[in-house]
Amino acid sequence: MESTPHILVVDDHRDIRDLLAKYLGKHGLRVTAAEGGAAMRRVLKTSAIDLVVLDIMMPGEDGLSLCRHLRETTGQPVILLTAMAEETDRVIGLEIGADDYLTKPFNPRELLARIKAVLRRAQSLPRTSGAAAKGRIRFDRWTFDPNRRELIDTQGTAIPLSTAEARLLSTFLDHPGMVLSRDQLLDLTQGRAAKVFDRSIDNQVSRLRRKIEADPKNPALIQTVWGGGYRLGAEVART
């Protein structure tokens with residue numbers, strides 16, 4: 001089996017694609033370049049990609065849309081490249097599942113370091129059972145449909161979840177009873193791009209609790225473990 005990480009660089013600027021392909025290849029990575037979303041999908045159908053470097057500002061489908069697509073259909077880590085230094089763009093990227101980001105212009109050496117860090121994190125994550133990705137999951141009074149990103153109560157009422165909420169719930173369902181630290185939850189759901197965003201996992205947990213807890217102020221399903229993190233306090237069964 002090929003052990004060298006295979007990186008997909010998606011950027012509409014040929015000069016940037018060529019520069020990164022040459023630099024990353026020189027430092028021991030396999031690199032495939034794509035000029036946009038259509039080319040990216042073609043590569044993903046024919047190649048085993050370990051990480052995607054994705055430019056945000058592209059004509060047609062932009063990087064945020066493509067990142068959302070990757071998070072809904074694949075498990076590859078994503079590093080976003082953006083020419084905008086505004087915090088809003090970085091937060092949006094992290095919320096939809098990017099593992100890290102770099103603001104243009106950047107030093108290729110820094111990108112290489114971030115790629116290696118993200119790959120190390122991906123390799124060190126707890127193994128998952130895969131249950132949340134295979135079908136509907138029952139827990140407490142809820143049924144979770146990961147394909148539709150919906151929660152269905154005992155009366156058959158469907159409650160839609162955002163991508164971030166669905167990924168967080170899937171993580172808890174895949175690790176029932178396990179205490180997951182904030183760092184692990186960030187890695188499993190969106191990666192850690194900067195410490196300034198570490199508390200964002202608490203906000204996501206709060207939003208999810210408002211949807212699934214009978215009393216969000218006294219949560220029984222997503223339990224806080226002081227000094228440890230969070231855990232799912234419910235039995236899980238796949239239907």
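Located above this text is the structure these notes cover.
Reading guide: rules and limits
Residues numbered from 1 in each chain as written. Predicted model: local features only at pLDDT ≥ 70, side-chain atom pairs only at ≥ 80, totals over all residues. Heavy atoms only, no water. Helix = DSSP H or I, 4+ residues; strand = E, 2+ residues; numbered from the N terminus. Buried < 20%, exposed > 50% of the residue type's maximum accessible area, 1.4 Å probe, protein only. Contact = heavy atoms within 4.5 Å. Areas by Shrake-Rupley, 256 points an atom, 1.4 Å probe, with all protein chains shown as cover. Axes fitted to C-alpha atoms, helices over the stretch in contact; angles between N-to-C directions. Parallel < 35°, antiparallel > 145°, perpendicular 65-115°, else oblique. Left-handed = near helix turned anticlockwise from the far one by under 90°. Nonpolar A, V, L, I, M, F, W, Y, C, P; charged D, E, K, R; others polar. Core = buried A, V, L, I, M, F, W, Y, C linked by side-chain atoms within 4.5 Å. Polar contact = N/O pair within 3.5 Å; in protein donor to acceptor, adjacent residues only side chain to side chain. Expected span 1.5 Å × (residues − 1). Arc of directions from axis to C-beta. Pairing = 2+ DSSP bridges.

1. Let's talk about the overall build of the protein chain
Point 1. For the protein chain, the helix and strand inventory stands at eight helices and 12 strands.
Point 2. The buried share of the protein chain, reckoned over its 239 residues, is 47%.
Point 3. The contacts of the protein chain with a sequence gap of at least 6 include a subset with a gap of at least 24, amounting to 59%.
Point 4. Of the roughly 12,300 Å² of accessible surface on the protein chain, 48% is carried by carbon and sulfur atoms.

2. Remarks on unusual backbone geometry
Point 1. The step from Lys104 to Pro105 runs through a cis peptide bond, and the omega angle for that step is -10°.
Point 2. Relative to the helices and strands, Pro105 resides in the loop between strand 5 (100–103) and helix 5 (108–124).

3. So, the packing of helix 2 (residues 37–46) against helix 3 (residues 63–73)
Point 1. One way to put it is that helix 2 packs onto helix 3 with a least axis distance of 11 Å and a crossing angle of 25°. The orientation of helix 2 relative to helix 3 falls into the category roughly parallel. Note on packing geometry: the crossing formed by helix 2 with helix 3 is right-handed. Taking contact as the criterion, the partners of Gly37, Met40, Arg41 and Leu44 in helix 2 are, on helix 3, Leu66, His69 and Leu70.
Point 2. Of the residues in the contact of helix 2 with helix 3, the class split is four nonpolar, two polar and one charged.

4. As for the nonpolar core
Point 1. With 24 residues, the main nonpolar core has Phe139, Phe144, Leu151, Leu169, Phe172 and Ile212 as its most contacted residues.
Point 2. Those elements that place two or more of their residues in this core are strand 6 (137–139), strand 7 (142–145), helix 6 (163–174), helix 7 (182–189), helix 8 (200–212) and strand 11 (229–232).
Point 3. Looking at this core, the element that brings in the most residues is helix 6, giving five residues.
Point 4. Those residues in contact with Leu151 that lie beyond four places of it in its chain are Phe139, Trp142, Thr143, Phe144, Thr157, Ala158, Ile159, Leu161, Leu169 and Ile212.
Point 5. Counting residues in hydrophobic clusters, the runner-up holds 20 residues, among them Leu54, Ile56, Cys67 and Leu70.

5. So, helix 7
Point 1. Three or more residues of helix 7 are buried, namely Leu185, Leu186, Asp187, Leu188 and Thr189.
Point 2. The residue sitting at the N-terminus of helix 7 and contributing the capping side-chain oxygen is Ser181; that oxygen lies 3.1 Å from the backbone nitrogen of Gln184.

6. Quick notes on the environment of Arg209
Point 1. Relative to the assigned elements, Arg209 resides in helix 8.
Point 2. We classify Arg209 as buried; its relative accessible area is 11%.
Point 3. Expressed as a C-alpha distance, the spacing of Arg209 and Glu165, which sit 44 residues apart in the sequence, is 9.8 Å.
Point 4. Setting aside chain neighbours within four positions, we find Arg209 in contact with Pro216, Pro219, Ile222, Gln223, Thr224 and Tyr230.

7. What about helix 1 (residues 14–26)?
Point 1. Its 13 residues place the ends of helix 1 18 Å apart at the C-alpha level, agreeing with the 18 Å of an ideal helix rising 1.5 Å per residue.
Point 2. Three or more residues of helix 1 are buried, namely Arg17, Leu20 and Leu24. Within helix 1, the buried residues cover an arc of 75° as seen down the axis, which keeps them to one side. Among the exposed residues of helix 1, those oriented more than 90 degrees off its buried face are Arg14, Asp15, Lys22 and Lys26.
Point 3. Taken from the residues just after helix 1, Gly28 is the one with a positive phi, measuring 90°.

8. Some points on the sheet that holds strand 9 (residues 158–160)
Point 1. Reading across from one edge, 9-8-7-6-12 is the order of the five strands in this open sheet, with antiparallel pairing throughout. Both edges of this open sheet fall to strand 9 and strand 12 (236–238), since each of them pairs with a single strand only. Taken over all neighbouring pairs, the strand axes of this sheet differ in orientation by 25° on average, direction set aside.
Point 2. Relative to strand 7, strand 6 is paired through three bridges, and the arrangement is antiparallel. When the sheet's bridge partners are listed, Ile137 is paired in strand 7 with Phe144.

9. Observations regarding the side chain of Thr143
Point 1. Here Thr143 lies in strand 7.
Point 2. Non-local contacts of Thr143, meaning those with residues more than four positions away in its chain, are made with Arg136, Ile137, Arg138, Glu150, Leu151 and Ile152.

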